[in-house]
Amino acid sequence: MKTNPAIKLKYRRPTIQVVDHSEKNIRDFMNAIETDTFAGLRDFAFVNMMLDCGIRPNEALQIKPSDVNLQGRQIRVRREYAKTRKERYLPISLQVVEVLKKLISVRPSDWETDVPVLCTYDGHRMPARGMQDRFRKYSAKINVEITPYHLRHVFGLFYVRKWR
């Protein structure tokens with residue numbers, strides 16, 4: 001070939017996305033969640049877990065009640081659903097313990113033990129897309145886009161800034 005046929009084709013340059021939400025935006029987002037329903041309480045627990053220990057969204061949605069150690073203040077991420085395929089334990093604050101305790105206490109007693117903590121109101125696994133849709137609703141209320149994965153970035157930034 002004498003010339004490169006792709007020379008005139010445009011290519012996408014990698015975009016760098018910086019996720020740096022203010023503390024006010026995060027507080028507004030959390031205040032947009034109505035915790036007087038099961039779904040709202042579940043969403044509030046999800047947000048608190050993400051901000052407290054930086055768990056990946058998909059891992060959080062698979063946590064079972066037996067993975068939550070309220071007395072030891074930790075959550076077990078089983079290797080079956082860990083992205084790295086390695087089991088690990090994440091410390092959680094007293095605030096998250098209280099929210100999880102409340103969420104677990106309102107679950108129907110006839111649900112199986114393998115029903116995830118952050119499930120739908122009828123006891124099915126909450127799909128990641130479903131949680132993303134819920135986040136879009138809360139984001140629209142405060143006019144700031146926040147996604148589940150943004151909270152993982154916010155956790156990291158707040159953690160680093162705290163120890164600077």
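First, a word on scope: everything that follows refers to the structure included in this document. Within any chain, residue numbers begin from 1 and follow the written order of that chain's sequence. Note on the predicted model: pLDDT of at least 70 is required for a residue's local features to be given, and 80 or more for side-chain atom pairs to be given and counted; whole-chain, interface and lining totals, by contrast, use all residues. Side-chain metrics in this entry use all non-hydrogen atoms of the structure; hydrogen atoms and water are not considered.

This brings us to helix H4 (residues 94-105). Secondary structure elements are defined from DSSP: runs of H or I of at least 4 residues count as helices, runs of E of at least 2 residues count as strands, and each element is numbered from the N terminus. Helix span, expected: 1.5 Å multiplied by one less than the number of residues in the helix. A rise of 1.5 Å per residue sets the reference length of H4, with its 12 residues, at 16 Å; its end C-alpha atoms lie 16 Å apart and thus fit the reference within 8%. Buried residues are those whose accessible area, probed at 1.4 Å on protein chains only, stays under 20% of the maximum for their type, while exposed residues exceed 50% and partly exposed ones sit between those limits. What H4 keeps buried is the set Val96, Val97, Val99, Leu100 and Leu103. For H4, the buried positions fall inside an angular range of 165 degrees around the axis, keeping them on one side. Check the buried side of H4 and you find it contacts helix H2 (38-53), strand S1 (68-69) and strand S2 (74-77). The arc under discussion is defined with respect to the helix axis, by the directions toward the C-beta atoms. When checking whether two residues touch, look at their non-hydrogen atoms; a contact exists if any pair is within 4.5 Å.

Below, the discussion takes up the environment of Met49. As for its position among the elements, Met49 is in helix H2. Residue class for Met49 comes out buried when judged on its relative accessible area of 2%. Along the backbone, Met49 and Leu151 are 102 residues apart, and their C-alpha atoms lie at a distance of 9.5 Å. In this structure Met49 touches Gly54, Ile55, Ala60, Ile63, Ile75, Val96, Leu100 and Leu118, once residues within four positions along its chain are discounted.

Lines are fitted to the C-alpha atoms to define the axes, a helix being fitted only along its stretch in contact, and any angle between axes, read from their N-to-C directions, falls within 0 to 180 degrees. Here H2 crosses H4 at 155 degrees, and the two axes come no closer than 10 Å. One element, H2, and the other, H4, form an angle in the roughly antiparallel class. In this structure, H2 crosses over H4, and the sense of that crossing is left-handed. Across the interface between the two elements, Phe38, Leu41, Arg42, Phe44, Ala45, Asn48, Met49 and Asp52 from H2 touch Gln95, Val96, Val99, Leu100, Lys102 and Leu103 from H4. The residue inventory of the contact of H2 with H4, partitioned by class, reads 9 nonpolar, 2 polar and 3 charged. In these notes the angle categories are as follows: under 35 degrees is roughly parallel, over 145 is roughly antiparallel, 65 to 115 is roughly perpendicular, and the rest is oblique. Two helices crossing with the near one rotated counterclockwise from the far one by less than a right angle form a left-handed crossing, whereas a clockwise rotation gives a right-handed crossing. When residue character is reported, Ala, Val, Leu, Ile, Met, Phe, Trp, Tyr, Cys and Pro are called nonpolar, Asp, Glu, Lys and Arg charged, and the others, Gly included, polar.

With that out of the way, let us pick up unusual backbone geometry. With a phi angle near 50 degrees, Arg73 is a residue other than glycine that sits in the positive phi range. Tracing the sequence through the fold places Arg73 in the loop between S1 and S2. Judged by relative accessible area, Arg73 falls into the partly exposed class, the value being 39%. Although it is not a glycine, Arg85 adopts a positive phi angle of roughly 60 degrees. Relative to the assigned elements, Arg85 resides in the loop between S2 and strand S3 (88-91). For Arg85, a relative accessible area of 52% gives the class exposed.

Everything listed is a geometric property; what it means functionally is a separate question.
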